[in-house]
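Take a look at the letters that make up each chain.
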Amino acid sequence: MPTAIPPRPLLALATIAYAIAFNLPYANLARIFEYPGILRQPAAAVMTLFAAGGAELVLTWHAFALAALLLLPFALALSITPTRLAQRPALAIGAAIAGALAGLAQAFGLWRWVFVVPELSRIYLDATTSEVARVAAGQAFTVLNLYGGVAIGEHAGQLLTALFVLLLSLLQWGEGSRVPAAMGLATAGAIALGTTEGLAIALGQSGDLFGLFTILGFLGLTVWLIATAIALLRAAADTSVAGAATGP
């Protein structure tokens, strides 16, 4: 009788747990912070609502950043295997690097809500703050949101996420896992298209339509991760059956 869970089943179960877990902070942000629609509102409205969220909101943003950071070990574990390194090293290493960088970029973008925005909102809403300081705080928030949020977290982070999913889906396709591979290719396309929202904003246009693709892309990411986990479980089961058939 086996005394430990084999690596692939363990990774599969962890992947399913991760697919569910990273949606929990998102759901709570939608509940208490009108996320993601609030992000495109004026600084005054965002900081007022942010201050009303209190410690729960700050901790939720922290949990969201940590969930993004967890993509780093998951990308390495899902991409780097002896078989993939031997057969398709460029795709395997490329997927690992893209996923790791995606996790870092998104985490650093999200941490602005934990370590910078609380102080800006306190200054902005403090009754003793001068009008000049209040305007400066509002401008600082806008610049921070555009650079740390739109440029780093959303644009760079999501492009890298799309690249990670694309490369890993190509690996899956070559291995015969066509269903998760097809899901991954569609997911990567939706996330990549969603990054155009930031470019539209930079050009003074509405990015609402592209924002919908981002939402669809990350819903697809959840489904793709679960499909990937199921493929891992099936592969482990096939290996066990093959081993039993050739055993003594």
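Use the structure listed above.
Residues numbered from 1 in each chain as written. Predicted model: local features only at pLDDT ≥ 70, side-chain atom pairs only at ≥ 80, totals over all residues. Heavy atoms only, no water.

> How would you explain the nonpolar core if you had to name every residue and give the values?
Formed by 27 residues in total, the largest nonpolar core has its most connected members in Leu78, Phe164, Trp224 and Leu225. Looking at this core, the element that brings in the most residues is helix H9 (residues 131-174), giving 6 residues. When sequence neighbours within four positions are dropped, the list of residues in contact with Leu78 reads Leu11, Thr15, Arg84, Phe164, Leu168, Leu225, Thr228 and Leu232. Listed in part, the 25 residues of the second largest apolar core include Ala65, Ala68, Ala107 and Trp111. (Core = buried A, V, L, I, M, F, W, Y, C linked by side-chain atoms within 4.5 Å. Buried < 20%, exposed > 50% of the residue type's maximum accessible area, 1.4 Å probe, protein only. Helix = DSSP H or I, 4+ residues; strand = E, 2+ residues; numbered from the N terminus. Contact = heavy atoms within 4.5 Å.)

> Got a sec to walk through unusual backbone geometry? Specific residues and values, please.
Note the cis peptide between Tyr35 and Pro36, where omega equals 5°. Topologically, Pro36 is positioned in the loop between helix H2 (23-33) and helix H3 (43-69). Even without glycine at this site, Glu34 takes up a positive phi of about 55°. Structurally, the position occupied by Glu34 is in the loop between H2 and H3. Taking relative accessible area as the criterion, Glu34 reaches 52% and is therefore assigned exposed.

> Describe in detail the pattern of salt bridges, supporting the description with residues and values.
For the structure shown, the criterion picks out 6 salt bridges. Its salt-bridge partner being Arg84, residue Glu175 comes within 2.6 Å of it at the nearest N-O pair. Note that Glu175 is positioned in the loop between H9 and helix H10 (178-194) and Arg84 in helix H5 (residues 82-87), a separation of 91 residues in sequence. The class of Arg84 is buried, set by a relative accessible area of 12%. Salt-bridge contacts for Arg122 lead to Glu119; the nearest nitrogen and oxygen are separated by 3.2 Å. (Salt bridge = Lys/Arg side-chain N within 4 Å of Asp/Glu carboxyl O.)

> Summarise the packing of helix H6 (residues 89-110) against H9; cite the residues concerned and give the values.
Two numbers describe how H6 lies on H9: the axes approach to 8 Å, and their chain directions differ by 155°. In this view, H6 runs roughly antiparallel relative to H9, as classed from their interaxial angle. In the crossing of H6 with H9, the sense of the turn from one axis to the other is left-handed. Here Leu91, Ala92, Gly94, Ala95, Ala98, Gly99, Leu101, Ala102, Ala105, Gln106 and Gly109 of H6 lie close against H9, whose contacting residues are Gly148, Ile152, Gly153, Gly157, Leu160, Thr161, Leu163, Phe164, Leu167, Leu168, Leu170 and Leu171. (Axes fitted to C-alpha atoms, helices over the stretch in contact; angles between N-to-C directions. Parallel < 35°, antiparallel > 145°, perpendicular 65-115°, else oblique. Left-handed = near helix turned anticlockwise from the far one by under 90°.)

> Please give an account of the packing of aromatic side chains that cites residues and values.
On inspection of all chains with the given rule, the structure shows 15 aromatic pairs. Consider the rings of Trp61 and Trp113, whose centres lie 4.7 Å apart with planes at 5°: the pair is stacked. A residue pair is termed long-range when its members are at least 10 positions apart, and Trp61 in helix H3 and Trp113 in helix H7 (residues 112-115) qualify at 52 residues. Overall, the relative accessible area of 1% leaves Trp61 in the buried class. Judged by relative accessible area, Trp113 falls into the buried class, the value being 1%. Taken together, Tyr26, Phe33, Tyr35, Phe50, Trp61, Phe64, Trp113 and Phe141 form an aromatic cluster joined through their ring pairs. Across from the ring centre of Trp173, 4.3 Å away, lies the NZ or CZ of Arg178, which sits over that ring. (Phe/Tyr/Trp six-rings, centres within 6.5 Å; stacked < 30°, edge-to-face > 60°. Lys NZ or Arg CZ within 6 Å of the ring centre and 35° of its normal.)

> Break down the packing of H9 against H10 for me, with residues and values.
The N-to-C vectors of H9 and H10 enclose an angle of 160°; their axes lie 8 Å apart at closest approach. Classified by the interaxial angle, the pair formed by H9 and H10 is roughly antiparallel. Like other packed secondary-structure pairs, H9 and H10 cross with a definite hand, here left-handed. Contacts between H9 and H10 involve Gln158, Thr161, Ala162, Val165, Leu166, Ser169, Leu170, Gln172 and Trp173 from the former and Arg178, Pro180, Ala181, Gly184, Leu185, Thr187, Ala188, Ile191, Ala192 and Gly194 from the latter. Residue composition of the contact of H9 with H10, grouped by class: 11 nonpolar, 7 polar and 1 charged. (Nonpolar A, V, L, I, M, F, W, Y, C, P; charged D, E, K, R; others polar.)

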